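Inside the fold
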Amino acid sequence: KSIALVDIKGKEFVSDDYTNITPKIISYLGKNLHMQKNNPLSIVRQRIVNYFYSSFTQRGAPAFSIYDNLSPIVTTKQNFDDLLIPSNHPSRAKSDCYYINRGNLLRAHMTAHQSELLRSGLDNFLMIGDVYRRDEIDSTHFPVFHQVDGVRSQRKEELFPGQPDLEIFEPNYDKKNPHTFVNSIKDPMKQSCHTLEATKLMETQLKTHLISLTQVLFGESIKYRWVEEYFPFTHPSWELEIFYDNKWMEILGCGIVRNEILVNAGPTNSIAYAFGLGLERLAMALYKIPDIRLMWSTDSGFLTQFQNIDLNESVTYKPVSSYPQCINDMSFWLPENLTIDTFVSNDFYDLVRDIGGDIIEQVRLKDKFVHPKTKKHSLCYSIVYRHLERTLTQAEVNEVHKVIEKAVVDTFGVAMR
Ligand code: PHE
């Protein structure tokens, strides 16, 4: 019996029933757009790093360490278990992540590195890199995007300097035997191990720091609001939204790190906050970049607009020109074993992007339909094709569309209508 292997950048993995990573996705590994000179993602990264370097110093040196070169191949333990994400949590679904096999995947968030860095003894650090998620296809979604995650930890003397009577932990939490404490998150205000004073002070610092960062990026007058959120790895948790382009847009998630995570990684006597922000969202808003695929452009008409600019200069992207769309529909009958509810649309989107590549601008579900007599299920998708740098002819689009149709038939066993 032969074992199927997946080769990822020269490293071999044994594939299994979870393997869903594709050659197209593997080709994005190592591109490191966040480190590419002139790429808007890299400019935003530098501005964020500068904010943390200049705002937090310890004995004259920057307090934050920066990790921007960690491998995106992680274990399910790193991406989920270490962060207390339950085994039945929807974010683990095969339909949402790029799995190499049951034990390994491309990280779905930079938080995947939090525990190992805490374990190595760090207390203040940023993790910056590419993350991978299966999602819909439109101008704001791409299977690869970039995040900056951060952790800031403090011990009693740092959080409450000169106030020895103030405590981080409730009296019944035993720092010597932290595993014996059952840490509850039932109280919406705080974790049961923490005092209210410590939690509130950390919450204030967290919000103050992230708002000043947002104001450094977008200017003092940026409109923002905090929204309560839930993350398995923080409590309490929030999202920050900014008012941009006439709507509220989420730019980051954050919260107070669950004490179990710190304890499992080592520190039993500190409290930490953590946050994760998306670089594409920030860059698109800051520079008015209309399509996320532009981040991957190697076209000089795009990159030269960000060349040698002063980091804090305000730049508005000028579309080189906008080329027309071609919209082709695809309708098909599902095979007996699938229904309009069990068909995994992310499987379809991945296949379309694998074959169509970067000329796929959008895929929209146009219609679902159950035939009243035959009870057969049918789906219709509109595929919007647009090249960012030239006009596509209808003839060449039809050709690509035909190849996609054939692959859809072969892969899902559907019948084109
Ligand atoms: N990992 C979260 C996400 O990708 C963001 C986050 C990071 C939230 C750290 C809280 C703390 O959405």
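For the structure, see preceding data.
Read on for an overview of the structure. (Residues numbered from 1 in each chain as written. Predicted model: local features only at pLDDT ≥ 70, side-chain atom pairs only at ≥ 80, totals over all residues. Heavy atoms only, no water.)

1. A word on the sheet that holds strand β17 (residues 377-385)
Here we have four strands laid out as an open sheet, ordered β16-β17-β15-β18, and antiparallel in their pairing. Each of the sheet's edge strands pairs with one partner strand only, and the pair in question is β16 (360-370) and β18 (415-416). Note: β16 against β17, nine bridges, orientation antiparallel. Bridging across to β17, Leu-365 finds its partner in Tyr-381. Lying over the sheet, helix α11 (residues 394-412) contacts β15 (326-333), β16, β17 and β18, oriented at roughly 25 degrees with respect to β15. (Pairing = 2+ DSSP bridges. Helix = DSSP H or I, 4+ residues; strand = E, 2+ residues; numbered from the N terminus. Contact = heavy atoms within 4.5 Å. Axes fitted to C-alpha atoms, helices over the stretch in contact; angles between N-to-C directions.)

2. A look at the pattern of salt bridges
Inspection of every chain in the model, using the stated rule, returns 20 salt bridges. The residue Arg-102 makes a salt bridge to Asp-17 at a minimum N-O spacing of 2.8 Å. You can see Arg-102 sitting in the loop between β7 (99-101) and β8 (104-106) and its partner Asp-17 sitting in the loop between β2 (11-14) and α1 (23-26), a full 85 residues away along the chain. What makes Arg-102 partly exposed here is its relative accessible area of 48%. By relative accessible area, which is 46% here, Asp-17 ends up partly exposed. Residues participating in the shared-partner salt-bridge network are Asp-291, Arg-293, Glu-361 and Arg-386. (Salt bridge = Lys/Arg side-chain N within 4 Å of Asp/Glu carboxyl O. Buried < 20%, exposed > 50% of the residue type's maximum accessible area, 1.4 Å probe, protein only.)

Treat this as a map of the structure, not an account of what it does.
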